[in-house]
Amino acid sequence: MGLKKFIGDFEINASKKMLYPYISTASGLSQWFADDVNINEDKEYNFIYDDEDHPAIMAGHRVNQFVKFEFPEEGEEDDPAYIEIHLDENELTQSMYMKVVDYSDFEDEQEQYEVWEGLINNLKEIVGG
């Protein structure tokens, strides 16, 4: 099955400076996104879900703006699965949004939305947003 792109926008009441460590650091990500997240000496991330390892690299980031993690699989180095999380502020309403781009092998877009909604709700509980 091929990879598909899911894009979701989720409103969250917290500042970019408060949210950025939760999307860019192992300790922040392990609080809401995965069961645990580790970084080795080569700056490679390991996301752990349900006792399974998911190695990743931080393929891009801009402080207080966005982060992108790629999950390279054997033989798929030219088109890896990835997750991007952008912190966007609506200038008009001053509302903060997390824009999630999830390029992976999910099957049902509604189910994928519900997974991300649950993850974002976990983060909201932590930051009070």
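Residues numbered from 1 in each chain as written. Predicted model: local features only at pLDDT ≥ 70, side-chain atom pairs only at ≥ 80, totals over all residues. Heavy atoms only, no water.

*Asks:* Give a description of the layout of surface pockets that names residues and reports values.
*Replies:* Where empty space is left becomes clear once a probe the size of a water molecule has been rolled over the atoms. Its boundaries defined by the atoms lining it, the largest pocket holds a volume of some 830 Å³. Looking at the largest pocket, it is lined by 28 residues, and the ones nearest its centre are Tyr49, His54, Asp102, Ser104 and Asp105. Looking at the lining of the largest pocket, the elements that each hand over two or more residues are strand E4 (52-62), strand E6 (81-89), strand E7 (96-104) and helix H3 (109-127). Looking at the lining of the largest pocket, the element that brings in the most residues is H3, giving 5 residues. (1 Å grid on protein atoms, 1.4 Å probe; cavity = no way out; pocket = protein on both sides within 12 Å on 5 of 7 lines; lining within 4 Å. Points joined across faces, edges and corners; volume = space filled by probe spheres on them. Helix = DSSP H or I, 4+ residues; strand = E, 2+ residues; numbered from the N terminus.)

*Asks:* Break down empty space enclosed by the protein for me, with residues and values.
*Replies:* Counted by the stated rule, this structure contains 1 cavity of 30 Å³ or more. Mapped by element, the contributors of at least two residues to the lining of the largest cavity are strand E5 (66-71) and E6. Grouping the amino acids of the lining of the largest cavity by side-chain chemistry returns 7 nonpolar, no polar and no charged. (Nonpolar A, V, L, I, M, F, W, Y, C, P; charged D, E, K, R; others polar.)

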